[in-house]
Amino acid sequence: MADLSVNFAGIRSPNPFWVASGPPSNTAYQTHRAFEAGWGGLVWKTIGTPIVNVSSRYSALDIGGQRMVGFNNIELISDRSPEVNFREIAEVKKRWPHHAVIASLMCESREQWHDFVRRSMDAGADGIELNYGCPHGMCERGMGSAVGQQPLVAERITSWVMEVAKIPVIVKLTPNITDITAAARAAKRAGANAISLINTINSITNVNLDTFTSEPAVRGMSSHGGYCGPAVKPIALNMVQSCAADPDVRMPISGIGGISNWRDAAEFMAFGAGTVQVCTAIMHHGFRIVDDMIEGLNAYLDEKKMRRIDDLCGRAVANVTTWENLDLNFRQVARINHDTCIGCNLCYIACEDGAHQCIDLLHPDSLGLDLGPGRVAHKHVPKVREDDCVGCNLCTLVCPVDQCIKMVEVPTGKPPMTWSDYQAKVASGEMKPIPPHH
Amino acid sequence: MTLKPILTADEASANMADIQLPMRQMEARVEANRCLYCFDAPCIHACPTGIDVPAFIRKIASGNEIGAAKTILEANILGASCARICPTKVLCEGACVLHDRDEKPIEIGRLQRHATDFINDRGIHVLKPPAKTNGKKVAVVGSGPAGLGCAAELAQLGYAVTIFEKSKLPGGLNTYGIAFYKLKPQLSLDEAELVKDLGVEIRCGVEIGRDITGAELQRDFQAVFLGLGLGNGNQLGLPGENLPEVLDALDFIEQIHTDPLHEIHVGHHVVVIGGGNTAVDAATQSVRLGAKRVTMVYRRGESQMSAYEFEYEKAKHDSVHFQFDSMPIGVVDVQGHVAGIRLARTRMTADGKLEMIPGSEFTQECDMILKAVGQEKRIEMVRKIFPDLAVADNGVVARDPLTGATNIAHIFVGGDCANGGREVVNAVGEGKKAAHGIHTFLAGEYATLPTQPSRVGVDGGATGCGLHNPIRAHELEEQWRANRATKNGGTSRG
Ligand SMILES: Cc1cc2nc3c(=O)[nH]c(=O)nc-3n(C[C@H](O)[C@H](O)[C@H](O)COP(=O)(O)OP(=O)(O)OC[C@H]3O[C@@H](n4cnc5c(N)ncnc54)[C@H](O)[C@@H]3O)c2cc1C
Ligand SMILES: Cc1cc2nc3c(=O)[nH]c(=O)nc-3n(C[C@H](O)[C@H](O)[C@H](O)COP(=O)(O)O)c2cc1C
Ligand code: SF4
Ligand code: SF4
Ligand code: SF4
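Bear in mind the structure is a predicted one, so any value in this text is a computation, not a measurement.

A. Quick peek at the site of ligand 5. Lining the immediate environment of ligand 5, one finds Cys35(B), Leu36(B), Cys38(B), Ala41(B), Cys43(B), Pro54(B), Cys96(B), Val97(B), Ile106(B) and Ile108(B). Considered class by class, the residues forming the shell around ligand 5 number ten nonpolar, no polar and no charged.

What follows is the structure, encoded as structure tokens:
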């Protein structure tokens, strides 16, 4: 069994799975339930001057009957008083001394930041997360992503916090910014101990076609919300990788955004996340999901002979490069396995209408295939014309059978050549420009 | 003893309620979302009317039930009946690719019912008569599925169509013959109305060959379609066959469709002679009308029954008993009423003939006997209407299966009287094909059948239409397995 315990910028927790700041981390009661279920840490629902919420507050993107592929909220920070929140943090810490409890804060002035940081420490919090990320409601008041979107402002506020903080400080980044690394660098310059990302993305999920209101609807009106859940994972991974790869950032990262299971978590870790945080998946299924996350990550680490999270952390970062460093002389084509093909022809129509027209439907006899795949004997069978296949990968993505279509390498016999190499060679006259596709 | 009804009205109608339940909205959405939306999908190939199954299922998934119903009815005017009565396990659902991913196939029949119920419940009309008619007149003889299929297609192509039907009500066996727990006659009548809405005239109570001659038809119409179906049930030729409790299964089933259920006379101990789907229907409906013990007597073995596997299962589920390898040799007559049936065991001779085993005779007690040993071909009727029409050796009207054309240029044929007796959906498909045959003949135009557009086109393989060459998945599967077994010494993915 691998050792899942982590020391994240000085914050220790029995495992890297933390409950993200949000509805599941609202109260001591929920925190007890989370830790009982197995979560290693929890970032408290953001504490600030209490706000008033509207109803309703959430909406979702469902796809093909799958609920909550994406999730949207117009909720604000904690609607409970700071006194209650800090008292409950203290209670929780007494009962769970080895679990990580992080106070998430959003304040309006230097004085209030100082005050709240001190009260967090007094309550026994293991760390502080600065919420510069909330894209709605708070920024209209000069907080949340309004801060996160301006690196210089964020840097100044972070440095106020660092003036009094004696426990690790994590800056939570908003994805609603052109260059995420600018925000990460600002945190670094201000002396923060770690960053966490991503917070939610500006969103509107839908328009109700009967009422012409978007949802969530509050007396016929809606508002721009914050988007999260499984659909945002690719965006979060992109930003986490960018920060991890930036030599000017180099600080611990807590990965957030669309994590639902151990696989998602492991992917964030491979991109350098030392801990991961989960909100939507808990709102969907409850704290119990962590059981499989712990078990699955353990099994994976064992299988890969990794002994601790550190062995996985960052393993994939260097395998992402900029496009111009990719090898133009590497060629793959799609190949269909007719033994597992079920004859849906989705590959055919995808390539035909959406790619490069290089799959043929052929009579199985002409392929020496006996009766051919699928339920209807003698029905025509898809076959890739490999000479014309550009290796785009579309067919393998649409194929409903795992591993039925594989991309196989076709040796070109040419040495690797990147776009940059190519440009240089053309400029020096060493080679002629590659003719455009006909 | 004379027979009496057994059950009360409530009991009988509860027993005869639909066995295939409609889908709830959410259920339909979830099921529709499972469909892969195959291109040139095998389920389309397996549908004798070529319904674009993935297209209508996708419309259900997006909440466009009206569009789904339109896709269905454009291909198959009896789409609502077919949703309930088609042997989908050997047709579309049997062909679904999900079998090969070791999953349950899509419930195409129930989804089709969902879409057609949606418009029927709301009185929505999705088909419209054509804006222009071409003034050409076509007569259709018989308002069964074949006749309706042909008439609906012709009407949409702009023809003036008159259907002649000898019965009081239209619909053929779809109105009078389908097991009551699958389909209620009213739905079949509603479908005939749908055909009328397209501008078709249906004249019931007119028998061609009796009230109007074939010659008169040829005089008044430019083309004729014959969808005569099959005739009465075959006789057994047994002593005692004319006793009042010995009935043709079709007559018994017809009564169920015309009389109130609690007035149908049924025996306590019913013997059904035959091993086909009609025999199963007679047996299961006897059980549902209160018979205590129902036995199907079949002269060959279980594996040779012509009833579909799932129909056989249904009979077993209804506690029907089976007496295989046995044939009737007489009826036990007590004071002019049936008291039992005399049976004898059968066996196969060396040269493959069925013979009675001497000395194996025995009596099975019963008070009702239903005969379900096939229907007569309509040779006599055909001779009477069109004496020159060519009839094949097996008694069906000879025709080109792709166009329904006969040896007489302006006469076309389809359905049971041409295929010897298959399913409703085959009859509709053949009627439709004949409509295109007629159109080609009268207008010199070959109507383009619905296909999914493809670069390779029909010849290249992507036909997207079961109309061209409907397949029956179970037959092909057997062939497929057999081929695999011989070539590879075993199936690789049975
Ligand atoms: C008991 C039973 C159960 C069945 N169950 C199913 C089932 O569950 N599912 C399924 O798909 N199929 C089933 N079938 C088969 C199906 O009913 C037939 O294949 C289908 O009805 C054939 O259609 P048709 O139009 O060719 O003939 P029919 O339905 O027989 O219609 C022929 C019509 O022509 C009329 N007619 C005949 N001669 C003349 C004339 N001279 N002048 C005017 N009118 C005339 C007849 O009155 C009749 O209305 C069943 C059949 C039987 C017997
Ligand atoms: C209803 C809701 C309320 C949230 N409230 C907060 C908050 O108060 N403070 C905060 O830092 N993030 C808040 N978040 C953002 C989450 O912590 C997290 O960053 C984001 O949802 C992405 O993770 P996920 O895809 O696992 O949900 C909230 C998210 C949701 C859905
Ligand atoms: S990889 Fe792309 S181009 Fe090649 S067959 Fe698949 S879809 Fe077509
Ligand atoms: S998508 Fe996959 S399963 Fe479907 S036809 Fe193509 S190879 Fe076969
Ligand atoms: S074969 Fe099955 S999965 Fe494919 S389109 Fe037909 S019903 Fe859908």
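B. Inspection of the domain arrangement of chain B at higher detail. Residues and elements named next belong to chain B. Here the domain parsing of chain B yields domain 1 (20-126 + 464-494), domain 2 (137-231 + 376-443) and domain 3 (246-371). The partner domain 2 presents 25 residues to the 24 residues of domain 1 that form the contact. In total, domain 1 and domain 2 occlude about 2000 Å² of area from one another, counting both sides; carbon and sulfur atoms represent 67% of this. Seen at the junction of domain 1 and domain 2, the total is zero salt bridges.

C. Unusual backbone geometry, seen in detail. All names here are of chain A. Here the bond from Leu197 into Ile198 is cis, since omega is 10°, no more than 30 degrees from zero. Looking at where Ile198 falls in the secondary structure, it is placed in the loop between strand S10 (194-197) and strand S11 (201-203). You will see that Ala9, though not glycine, has its phi angle at about 50°, which is positive. Mapped onto the fold, Ala9 is located in the loop between strand S1 (6-8) and strand S2 (11-13). At Arg219, a position not held by glycine, the phi torsion is positive, near 40°. Turning to its location among the elements, Arg219 is positioned in the loop between S11 and strand S12 (225-228). Take Arg219: its relative accessible area is 83%, and that puts it in the exposed class.

D. Here's a closer look at the site of ligand 1. Residue and element names in this part refer to chain B. Surrounding ligand 1, one finds 34 residues, the nearest of these being Glu165, Leu173, Lys182, Asp416 and Val424. Residue Ser167 places a side-chain N or O atom 3.4 Å away from an oxygen atom belonging to ligand 1. Protein coverage of the free-state accessible area of ligand 1, which is 990 Å², stands at 95%. Those elements giving two or more residues to the shell around ligand 1 turn out to be helix H9 (145-156), strand S2 (160-165), helix H13 (249-258), helix H14 (277-288) and helix H18 (424-443). Across the shell around ligand 1, the residue classes tally to 15 nonpolar, ten polar and nine charged. There are two domains that each give the shell around ligand 1 at least three residues, and those are domain 2 (137-231 + 376-443) and domain 3 (246-371).

Conventions adopted
- Residues numbered from 1 in each chain as written.
- Chains lettered and ligands numbered in written order.
- Predicted model: local features only at pLDDT ≥ 70, side-chain atom pairs only at ≥ 80, totals over all residues.
- Heavy atoms only, no water.
- Near = heavy atom within 4 Å.
- Nonpolar A, V, L, I, M, F, W, Y, C, P; charged D, E, K, R; others polar.
- Domains from an automatic or database assignment.
- Contact = heavy atoms within 4.5 Å.
- Buried area = accessible area lost by both parts, 1.4 Å probe.
- Salt bridge = Lys/Arg side-chain N within 4 Å of Asp/Glu carboxyl O.
- Helix = DSSP H or I, 4+ residues; strand = E, 2+ residues; numbered from the N terminus.
- Buried < 20%, exposed > 50% of the residue type's maximum accessible area, 1.4 Å probe, protein only.
- Polar contact = N/O pair within 3.5 Å; in protein donor to acceptor, adjacent residues only side chain to side chain.
- Areas by Shrake-Rupley, 256 points an atom, 1.4 Å probe, with all protein chains shown as cover.

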